[in-house]
Amino acid sequence: METTYPDTQLLIDGRWRDGALGQRTAVYDPATAEVIGHYAMAEPADLEEAVQAAGSAFAAWRDAGAYARGSILRQAAVLLRERADTLAPCMTMEMGKPLAEARAEVMSSADLLDWFAGEGQRAYGQVIPARSPNVTQMVLKQPVGPVVAFTPWNFPMSQLVRKLGAALAVGCTVVAKPPEDTPASPAALAQALLDAGLPPGVLNIVYGEPADIANYLIPHPVIRKVSFTGSVPVGKQLAALAGKHMKRITMELGGHNPVIVCEDANVEAAVAAVAGFKLRNAGQVCISPTRVLVQRGIYDRFAAALAEHVKKVRTGSGLEPATAMGPLVSERRVKAVAGLIQEAVSEGAQVLVEGDAAPRAGFFQAPTVLTDVSLSSRIQNEEPFGPVAMLSPFDTIDEAIAEANRLPYGLAAYAFTSSIRNSQRFQTELEVGMLAINHTLLGLPELPLGGVKDSGYGSEGGSEAINSYLISKLVTQAAV
Ligand code: NAD
């Protein structure tokens, strides 16, 4: 298939343009390590224009009403679905994921837009019974104001939709800084919104030096809210900066997600679910299962079946139809993941299986399952964010829960059991924002998405997602 990859500019006040100094940076195809295009770099002057555009557009967008805003979001969803066949190869070229996964992401981005369009129309306030008959007490839900949104490269389009959908639906304007590794997919999303009728300035897109952009935009007095998806260390830095300037924040950070497979589970179904989900997007998913804890009686059977699954996974360019798992997004990520694996092995871990990783020019990492990994190894404590899982046996449910809760992360957990008693314990005792029992399907538009502990706070899905873009304003009025 012949696909052309576009260069990406900044979107400021409704116009695509280069940065003030005309600086551009290369974008790589991770399957070939070749330069495929460039993106424009924003300078402080561009950031100031973007933030002023978001500030100027706010009042009219707030006052446009939820129905008008919702119809623009719904029309953008229609356009994304119509354009999916051209947007998917472009996403695969910059990010690496197989074409089918890229197409699914475009379609799920459209679903998210539809969901948030409806949620904006349901941003209900409250009427509070008053103590006197001539008094009315109301809580009005109003948009918080211009938002700055930072999104990562693993789902270049849908991560941005989660923030934009909620913000735009309730009347906020946005300056977004999507990922520099994958700039074209977020730009294509922005174009769909513009083509659907989004007014100039309501959405502005900037790329550049992430820390410089954050340091400029977060303290800016026009900006009222910060939303970030990415790693825990960067999230903590940005949360501290936002706290210093008293900005509201949503933080969707990393995880180190445990899976508990009990002896009473359907072992084959559990293996298929864990293997399939682990290798989706080459493991570059914040809710990817990482620590697989298997009850001792089924441990050997589970390990053998998992190894068989992993061996069969074909890696390659995401544009090739036979590819089940693509490359990692960047050389930086290959070095990070391979480094964690090598370190664990040097500290005594065993490689249960190392899957397909024919030497290629691109940024490939073989899918790998480790056993006997020391709890002090870095990979047991830091999010690997790649196609690697660790398998460990456990004897009692107490032991499994203690291990699941061992780390400061608290994003997602998975459990496989046919026992209601075990299930009840997991629901009560696992310290996570999301728990899937006997399957792995999370992340749907109607489901809350977010973590606890170091994994962040706030929710980026479900009926809760719009709350963080709304303020509650009390109005109490006496009839005189
Ligand atoms: P990174 O922390 O350097 O970057 C992650 C994202 O944050 C990127 O999109 C980057 O542009 C942005 N970023 C980095 N520094 C920033 C700053 N100071 N201000 C604003 N944005 C900033 O890490 P990476 O090497 O790209 O990815 C590795 C780690 O990031 C992973 O191990 C994982 O923990 C995390 N990550 C998480 C998610 C998620 O969905 N929660 C997605 C991608 C990456």
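Along every chain, residues carry numbers that run from 1 in the direction the sequence is written. Given that this is a predicted model, residues contribute local features only at a pLDDT of at least 70 and side-chain atom pairs are listed and counted only at 80 or more, while totals for whole chains, interfaces and linings are drawn from all residues. Hydrogens and water molecules were not included; the side-chain quantities draw on all heavy atoms of the structure.

Some words on the packing of aromatic side chains
Then, in step 1: Classification of ring pairs uses Phe, Tyr and Trp, with its six-membered ring standing for Trp, and accepts pairs whose centres are within 6.5 Å; under 30 degrees between planes counts as stacked, over 60 as edge-to-face, and the remaining range as tilted. Counting across every chain of the model gives four aromatic pairs.
Then, in step 2: Each ring, one from Phe277 and one from Tyr414, has its centre 5.8 Å from the other, and the planes form 80°; the classification is edge-to-face. Taken as a pair, Phe277 in helix 8 (residues 267-279) and Tyr414 in strand 17 (residues 412-416) lie far apart in primary sequence, 137 residues in all. Tyr414 matches Phe277 in its accessibility class, with the two residues each being buried. Put simply, DSSP marks the helices as runs of H or I at least four residues long and the strands as runs of E at least two long, and each gets a number from the N terminus on. For each residue, the accessible area found with a 1.4 Å probe, counting protein chains only, is set against the maximum for its type, and the residue is called buried under 20%, exposed over 50%, and partly exposed in between.

Digging into the packing of helix 3 (residues 99-120) against helix 4 (residues 158-170)
Then, in step 1: Note on definitions: angles span 0 to 180 degrees between N-to-C directions of axes, and those axes are lines fitted to C-alpha atoms, for helices only across the stretch in contact. Their axes nearest at 8 Å, the elements helix 3 and helix 4 cross at an angle of 20°. Put simply, helix 3 runs roughly parallel to helix 4. Our pair here, helix 3 against helix 4, has a crossing hand that is right-handed. Taking contact as the criterion, the partners of Glu105, Ser108, Ser109, Leu112, Leu113, Phe116 and Gly120 in helix 3 are, on helix 4, Ser158, Val161, Arg162, Gly165, Ala166, Ala169 and Val170.
Then, in step 2: Within the contact of helix 3 with helix 4, the residues separate by chemical class into seven nonpolar, five polar and two charged. Should an angle fall under 35 degrees it is taken as roughly parallel, and over 145 as roughly antiparallel, whereas 65 to 115 is taken as roughly perpendicular and any remaining angle as oblique. Crossings are classed by handedness, with left-handed meaning an anticlockwise turn of the near helix from the far one by less than a right angle and right-handed meaning a clockwise turn. Two residues form a contact once any of their heavy atoms are found within 4.5 Å. Residue polarity follows a fixed list, in which Ala, Val, Leu, Ile, Met, Phe, Trp, Tyr, Cys and Pro are nonpolar, Asp, Glu, Lys and Arg are charged, and the others, Gly among them, are polar.

A short note on the side chain of His256
Then, in step 1: Mapped onto the fold, His256 is located in the loop between strand 11 (248-252) and strand 12 (257-261).
Then, in step 2: At 2.7 Å, the side chain of His256 forms a polar contact with the backbone oxygen of Ile379.
Then, in step 3: If we ignore the near neighbours within four places in the chain, the residues touching His256 are Thr290, Arg291, Ile379, Gln380, Asn381, Glu382, Glu383, Pro384, Met390, Leu407 and Tyr409. In the analysis that follows, any N or O atom pair within 3.5 Å is treated as a polar contact, provided that within protein one partner can donate a hydrogen and the other can accept it, and provided that, for residues neighboring in sequence, both atoms belong to side chains.

Points about the environment of Gly197
Then, in step 1: Within the element layout of this structure, Gly197 appears in the loop between helix 5 (184-195) and strand 9 (203-205).
Then, in step 2: On the basis of relative accessibility, which here comes to 39%, the residue Gly197 falls in the partly exposed class.

Some details on the packing of helix 8 against helix 9 (residues 296-311)
Then, in step 1: Across the interface, helix 8 lies against helix 9 with an axial gap of 9 Å and an inter-helix angle of 45°. In terms of axis orientation, helix 8 runs oblique to helix 9. Note that helix 8 runs across helix 9; the crossing there is right-handed. Listed contacts from helix 9 to Val267, Glu268, Ala270, Val271, Ala272, Val274, Ala275 and Leu279 of helix 8 are Ile298, Arg301, Phe302, Ala305, Leu306, His309 and Val310.
Then, in step 2: Looking at the contact of helix 8 with helix 9, its residues break down into twelve nonpolar, one polar and two charged.

A look at the pattern of salt bridges
Where charged atoms of side chains with opposite charge meet at close range, the side chains can pair.
Then, in step 1: Criterion for a salt bridge: a side-chain nitrogen of Lys or Arg within 4 Å of a carboxyl oxygen of Asp or Glu. Within this structure, the stated rule accounts for 24 salt bridges.
Then, in step 2: Put simply, Glu49 and Arg17 hold a salt bridge, and the shortest N to O gap is 3.2 Å. Taken together, the positions of Glu49 in helix 1 (residues 44-64) and Arg17 in strand 2 (residues 15-17) put the pair 32 residues apart, joining distant regions of the chain.
Then, in step 3: Using a relative accessible area of 11% as the deciding quantity, one classes Arg17 as buried.
Then, in step 4: For the salt bridge of Arg81 with Asp114, the shortest nitrogen-to-oxygen distance reads 2.9 Å. A residue pair is termed long-range when its members are at least 10 positions apart, and Arg81 in helix 2 (residues 66-95) and Asp114 in helix 3 qualify at 33 residues.
Then, in step 5: A residue is classified by how much of its surface remains accessible, and Asp114, at 26% relative accessible area, is partly exposed.
Then, in step 6: Each member of the salt-bridge network shares a partner with another, and the members are Arg17, Asp46 and Glu49.

Let's talk about the domain arrangement of the protein
Then, in step 1: Taken as a whole, the protein is organised into domain 1 (10-253 + 455-476) and domain 2 (257-444).
Then, in step 2: Where each domain starts and ends comes from a domain assignment, either automatic or drawn from a database. Placing the centre of domain 1 and that of domain 2 at their C-alpha centroids yields a distance of 30 Å.
Then, in step 3: Taken together, the contact pairs 25 residues of domain 1 with 27 residues of domain 2.
Then, in step 4: Simply put, the buried area is the total loss of 1.4 Å probe accessible area from both parts when two parts are fitted together. Between domain 1 and domain 2, roughly 2,100 Å² of surface is buried when both sides are summed, and carbon and sulfur atoms account for 60% of that area.
Then, in step 5: When the area that domain 1 buries against domain 2 is broken down by residue, the three leading residues are Pro30, Trp153 and Ser455, summing to 25%.
Then, in step 6: One salt bridge connects Asp181 with Arg332, and the closest N-O pair in it is separated by 3.0 Å.
Then, in step 7: Viewed at the interface, domain 2 and domain 1 are joined by nine residue pairs in polar contact (both at pLDDT 80 or more).
Then, in step 8: Those elements that place two or more of their residues in the side of domain 1 that touches domain 2 are helix 2 and helix 3.
Then, in step 9: Among the residues forming the side of domain 1 that touches domain 2, the class breakdown is 13 nonpolar, six polar and six charged.

Details of helix 6 (residues 210-217)
Then, in step 1: The set of residues buried in helix 6 consists of Ile213, Ala214 and Leu217. Considered in projection along helix 6, the buried side chains sweep an arc of 100° and stay on one side of the axis.
Then, in step 2: Buried-residue contacts for helix 6 involve helix 1, strand 7 (147-150), strand 8 (174-177) and helix 7 (232-244). Working note: the arc is built from the helix axis to C-beta atom directions.

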